Amino acid sequence: MFKILVVDDEAKIREVIRTYAEFEGHQVVEASDGLEAVEICRNEDFDVIVMDIMMPRLSGFSAYKEIKKFKDIPVLMLSARKDEYDKLFGFEIGIDDYVVKPFSPKELMARLNVIVKRNKNIHDNRIMTFEGLQIDLDGRQVYVDKVPVDLTPKEYDLLVYLAENENIALTRDRLLNKVWGYDFYGDDRTVDTHIKMLRNSVGPYRDFIVTVRGVGYKFQPGSGIL
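Everything in this summary refers to the structure shown in the same document.

Calculation rules
- Residue indices begin from 1 for each chain and proceed along its sequence in written order.
- Predicted model: local features are reported for residues with pLDDT of at least 70 only, side-chain atom pairs are reported and counted for 80 or more only, and whole-chain, interface and lining totals are derived from all residues.
- No hydrogens and no water enter the side-chain calculation; it runs on all heavy atoms of the structure.
- In this analysis, axes come from line fits to C-alpha atoms, helices being fitted only over the stretch in contact, and the angle between any two N-to-C directions falls in the range 0 to 180 degrees.
- Helix and strand assignments come from DSSP, with helices taken as H or I runs of at least 4 residues and strands as E runs of at least 2, each series counted from the N terminus.
- An angle counts as roughly parallel when it lies under 35 degrees, as roughly antiparallel when it exceeds 145, as roughly perpendicular when it falls between 65 and 115, and as oblique in every other case.
- The hand of a helix crossing depends on one turn: near helix anticlockwise from the far one by less than a right angle means left-handed, and clockwise means right-handed.
- Whether two residues are in contact is decided by their heavy atoms: any pair within 4.5 Å suffices.
- A side-chain nitrogen of Lys or Arg and a carboxyl oxygen of Asp or Glu constitute a salt bridge if their distance falls within 4 Å.
- Burial here depends on accessible area, computed with a 1.4 Å probe over protein chains only, as a share of the maximum for the residue type. Under 20% is buried, over 50% is exposed, and the range in between is partly exposed.
- Here is the rule: rings of Phe, Tyr and Trp (six-membered ring for Trp) pair when centre to centre is within 6.5 Å. Planes less than 30 degrees apart are stacked, more than 60 are edge-to-face, and the remainder are tilted.

Helix H3 (residues 60-68) packs onto helix H2 (residues 34-43) with a crossing angle of 15° between their chain directions and a minimal axis gap of 9 Å. As the angle between them shows, H2 and H3 are arranged roughly parallel. Here H2 runs over H3; the crossing is right-handed. Listed contacts from H3 to Gly34, Ala37, Val38 and Cys41 of H2 are Ala63, Glu66 and Ile67.

As structure tokens, this is what we get:
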């Protein structure tokens with residue numbers, strides 16, 4: 001089951017998509033124009049958006065670009081126009097699929113299933129998620145509650161190594177060897193300093209980095225610092 005936002009100024013279109021989606025066990029939220037869609041996305045998360053292009057107040061393309069500024073949600077665009085330009089422009093700005101009206105509801109649902117599955121696999125394989133803390137391994141970017149945070153290269157490497165060894169107590173020597181390298185000339189204070197910096201960087205999730213007295217540190221989501 002996944003959660004769909006259906007955005008179209010035609011109530012009949014929304015009703016048809018809702019009927020087929022709910023029949024397959026999915027959850028549906030509706031919006032009648034682009035502005036409403038943007039506001040809903042600020043407050044809710046969705047697995048996929050079905051969005052018409054031609055709508056009053058704010059077009060589907062404009063709404064999609066606004067949503068992309070704060071959330072990464074795959075989008076299937078609907079259009080009554082068969083112009084190749086619209087389709088090419090949509091793919092250029094990053095949409096996932098494009099369907100021309102009138103459409104087959106069964107085909108639409110099949111396309112949505114493919115989009116959600118593909119997106120889930122990408123995130124499962126390339127993004128480590130611990131509550132609101134996300135580590136994008138491809139982009140070497142860390143997000144705190146969906147907001148990107150700036151880490152130094154060593155802070156990032158340290159966080160990834162800790163996260164890859166979740167719930168394992170790691171000595172300072174092991175962290176020095178694995179993160180800084182065997183040829184690094186330094187002492188335990190290097191690790192402690194970077195741990196302090198990293199905790200400050202991840203803010204509300206600082207307690208995920210637990211001090212193990214007499215040993216070193218471990219990454220334990222949901223825990224407090226000992």
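That was the structure; now back to the text.
Attention shifts here to the pattern of salt bridges. Scanning all chains against the criterion turns up 16 salt bridges. Here Arg18 ties to Glu22 by a salt bridge, and the two come within 2.6 Å at their closest N and O atoms. Here Glu22 and Arg18 lie together in helix H1 (residues 11-23), a separation of four residues that amounts to about one turn. Among the residues examined, Arg18 registers a relative accessible area of 25% and is labelled partly exposed. A salt bridge links Arg111 to Asp97, with the shortest nitrogen-to-oxygen separation between them at 2.9 Å. Taken together, the positions of Arg111 in helix H5 (residues 105-126) and Asp97 in strand S5 (residues 97-100) put the pair 14 residues apart, joining distant regions of the chain. We classify Arg111 as partly exposed; its relative accessible area is 27%.

What follows concerns the packing of aromatic side chains. Going through the model one piece at a time under the given rule, you end up with five aromatic pairs. Summarising the aromatic geometry, the rings of Phe61 and Phe89 are spaced 5.0 Å apart at their centres and angled 75° between planes, so their arrangement reads as edge-to-face. A residue pair is termed long-range when its members are at least 10 positions apart, and Phe61 in helix H3 and Phe89 in helix H4 (residues 84-92) qualify at 28 residues. Taking relative accessible area as the criterion, Phe61 reaches 8% and is therefore assigned buried. Seen in terms of ring centroids, Phe130 and Phe219 are 4.9 Å apart; in terms of plane orientation they differ by 75°. Their pairing is edge-to-face. Placement of the pair is Phe130 in strand S6 (residues 127-130) and Phe219 in strand S12 (residues 216-219), with a sequence separation of 89 residues. Residue Phe130 is classed as buried on the basis of its relative accessible area, which comes to 9%. For Phe219, a relative accessible area of 0% gives the class buried. Members of the aromatic cluster, each reached through a chain of ring pairs, are Phe130, Tyr205, Phe208 and Phe219.

A few words now on unusual backbone geometry. Excluding glycine, most residues fall at negative phi; most peptide bonds, likewise, are trans. Between Lys101 and Pro102 the backbone carries a cis peptide bond, its omega angle lying at -10°. Structurally, the position occupied by Pro102 is in the loop between S5 and H5. Even without glycine at this site, Arg57 takes up a positive phi of about 70°. In this structure, Arg57 sits in the loop between strand S3 (48-52) and H3.

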